[in-house]
There are 2 protein chains.
Amino acid sequence: MTDSAAQLAPLPDFPDLESHVRPDDHQALRLWLRLLSCTNLIENEVRSRLRAQFNTTLPRFDMMAQLDRVPEGLKMSDLSRYMMVTNGNITGITDQLEKEGLVERVKVVNDRRSSLIRLTPAGKKAFAEMAAVHEQWIQTLFSDLPDTDRTTLHGLLGRLKSSIHSQLPSLA
Amino acid sequence: MTDSAAQLAPLPDFPDLESHVRPDDHQALRLWLRLLSCTNLIENEVRSRLRAQFNTTLPRFDMMAQLDRVPEGLKMSDLSRYMMVTNGNITGITDQLEKEGLVERVKVVNDRRSSLIRLTPAGKKAFAEMAAVHEQWIQTLFSDLPDTDRTTLHGLLGRLKSSIHSQLPSLA
DNA sequence: TATTGTTATACTCTATAACTATA
DNA sequence: TATAGTTATAGAGTATAACAATA
């Protein structure tokens with residue numbers, strides 16, 4: 001693996017937030033604008049495909065993804081933390097998915113305030129179908145990036161994430 | 001510069017969308033979840049500070065940033081492309097900023113359908129103050145990442161962005 | 001016919017805060 | 001007192017689509 005990525009020719013000028021970067025902008029700002037452009041590019045595409053092909057939204061998909069990985073279910077406060085949104089929003093998304101029979105609230109015996117949310121069999125099935133297609137989208141969108149570059153990127157973003165969490169301890 | 005980033009110990013488990021990655025998830029999906037986590041982490045913080053300290057929003061800030069870099073102004077359709085939102089939304093944000101005296105619509109002679117949007121002197125001043133503080137936030141948030149890592153990251157994200165644009169030519 | 005911008009609409013996501021029921 | 005979840009509210013952002021004016 002090399003550092004050649006840093007020495008490549010300038011990119012073509014795609015129209016986005018990065019378009020008006022100026023020569024005197026500092027490295028961190030340029031990096032942030034590019035990070036934001038990349039993420040928005042992919043996220044918008046994924047949102048639009050989720051809507052078109054599965055009539056769902058990213059938050060709904062994300063919630064089902066979290067639940068799919070914990071078959072016994074998750075408390076709403078856990079979901080709230082993982083999805084980084086407030087409690088009331090989790091109630092709203094849960095209500096939608098419950099009405100469609102994709103998740104269920106399961107009472108727990110030891111604490112009558114809380115319940116576990118988990119996927120129903122129908123929810124598991126629906127999510128499995130979406131997840132397979134979703135993963136294929138992601139594979140394809142990232143497929144031009146060589147394996148080593150993906151690994152490097154993953155590692156560097158891990159450092160960035162740790163560093164930011166240590167600066168914003170309110171989040172951890 | 002080395003590839004050491006790829007060989008580091010696993011990250012602490014911060015509660016976010018990445019929390020439930022499974023051993024059999026493929027590299028591209030892991031990378032995408034981490035990219036999304038990092039961006040959301042920073043973006044949420046920036047949104048919240050823009051709200052608290054300047055009583056503004058990210059789209060408003062972004063629009064002023066675009067305009068600040070083109071003193072003669074931009075057409076609304078240009079802004080629409082750069083900000084990757086539809087035309088109606090640009091009208092809405094422009095209306096807000098115009099009412100506050102931060103931008104103005106300037107008629108162009110050769111095409112009476114369109115006008116140029118540009119910052120007013122008050123808008124320039126207000127943006128300059130915000131931009132300086134905003135850049136300081138970004139500098140700080142990225143400051144733990146060594147210079148070489150920032151450069152590598154910038155380069156790799158550039159490759160990713162090009163690759164995605166070439167897959168989604170509708171955007172270019 | 002195509003393009004620029006506006007308007008109207010509807011929906012989702014979001015935070016905040018007050019509330020309840022339990023612990 | 002503190003915690004889990006609900007409800008109500010208000011605001012922002014978004015896409016879609018119909019529209020007027022102009023090219």
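Definitions and limits used
Residues numbered from 1 in each chain as written. Chains lettered and ligands numbered in written order. Predicted model: local features only at pLDDT ≥ 70, side-chain atom pairs only at ≥ 80, totals over all residues. Heavy atoms only, no water. Least-squares fit on C-alpha atoms with pLDDT ≥ 70 in both. Contact = heavy atoms within 4.5 Å. Axes fitted to C-alpha atoms, helices over the stretch in contact; angles between N-to-C directions. Helix = DSSP H or I, 4+ residues; strand = E, 2+ residues; numbered from the N terminus. Parallel < 35°, antiparallel > 145°, perpendicular 65-115°, else oblique. Nonpolar A, V, L, I, M, F, W, Y, C, P; charged D, E, K, R; others polar. Pairing = 2+ DSSP bridges. Core = buried A, V, L, I, M, F, W, Y, C linked by side-chain atoms within 4.5 Å. Buried < 20%, exposed > 50% of the residue type's maximum accessible area, 1.4 Å probe, protein only.

A.B. asks: Got a minute to help me understand the relation of the copies chain B and chain A in this structure?
C.D. replies: Two copies of the chain are present, and they differ by a rotation about an axis and a shift along that axis. Expressed as a screw operation, the relation of chain B to chain A combines 0.0 Å of axial shift with a rotation of 180 degrees, fitting to an RMSD of 0.1 Å. The superposition operator between the copies reduces to a two-fold rotation axis. An overlap of 99% is found between the interface residues of chain B and their copies at the interface of chain A, pointing to a shared contact surface.

A.B. asks: How should the packing of helix H2 (residues 58-68) of chain B against helix H5 (residues 121-141) of chain B be read in this particular structure?
C.D. replies: Relative orientation and spacing of two packed helices are given, respectively, by the angle between their axes and the distance between those axes. Residue and element names in this part refer to chain B. Running from amino to carboxyl end, H2 crosses H5 at an angle of 110 degrees, the nearest separation of the two axes being 10 Å. Classified by the interaxial angle, the pair formed by H2 and H5 is roughly perpendicular. Residues Phe 61, Met 64, Ala 65 and Asp 68 of H2 form the contact with H5, whose participating residues are Gly 123, Lys 124, Phe 127, Met 130, Ala 131 and His 134. Of the residues belonging to the contact of H2 with H5, the class tally is six nonpolar, two polar and two charged.

A.B. asks: Would you mind going over the sheet that holds strand E2 (residues 103-107) of chain A with me for this structure?
C.D. replies: One key point about sheets: their strands pair by backbone hydrogen bonds, in either a parallel or an antiparallel sense. Residue and element names in this part refer to chain A. Pairing is antiparallel in the open sheet, where three strands are placed in the order E1-E3-E2. Among the strands making up the open sheet, the edge pair consists of strand E1 (74-75) and E2. Sheet topology note: the E1/strand E3 (residues 115-119) ladder contains two bridges and is antiparallel. Within the sheet, the bridge partner assigned to Lys 75 lies in E3 and is Leu 116. Along the sheet, helix H4 (residues 87-99) makes contact with E2 and E3, crossing E2 at roughly 110 degrees.

A.B. asks: Would you explain the nonpolar core in this entry?
C.D. replies: As a rule of thumb, soluble globular proteins bury nonpolar side chains together. Membership of the largest hydrophobic core comes to 90 residues, with the highest contact counts inside it found for Ile 42 and Phe 142 of chain A together with Phe 142 of chain B. Those residues in contact with Ile 42 of chain A that sit more than four places away from it in its chain are Ile 138, Leu 141 and Phe 142 of chain A together with Trp 32, Leu 35, Leu 160 and Ile 164 of chain B.

A.B. asks: Explain the sheet that holds strand E1 (residues 74-75) of chain B here, please?
C.D. replies: Residues and elements named next belong to chain B. With antiparallel pairing, three strands are arranged side by side in an open sheet as E1-E3-E2. The two strands at the open ends of the sheet, each matched to only one other strand, are E1 and strand E2 (103-107). In this sheet, strand E3 (residues 115-119) lies alongside E2 in antiparallel orientation, the contact comprising five bridges. Looking at the pairing, Val 106 lines up with Leu 116 of E3. Across the sheet, H2 is in contact with E1, E2 and E3; its angle to E3 comes to roughly 100 degrees.

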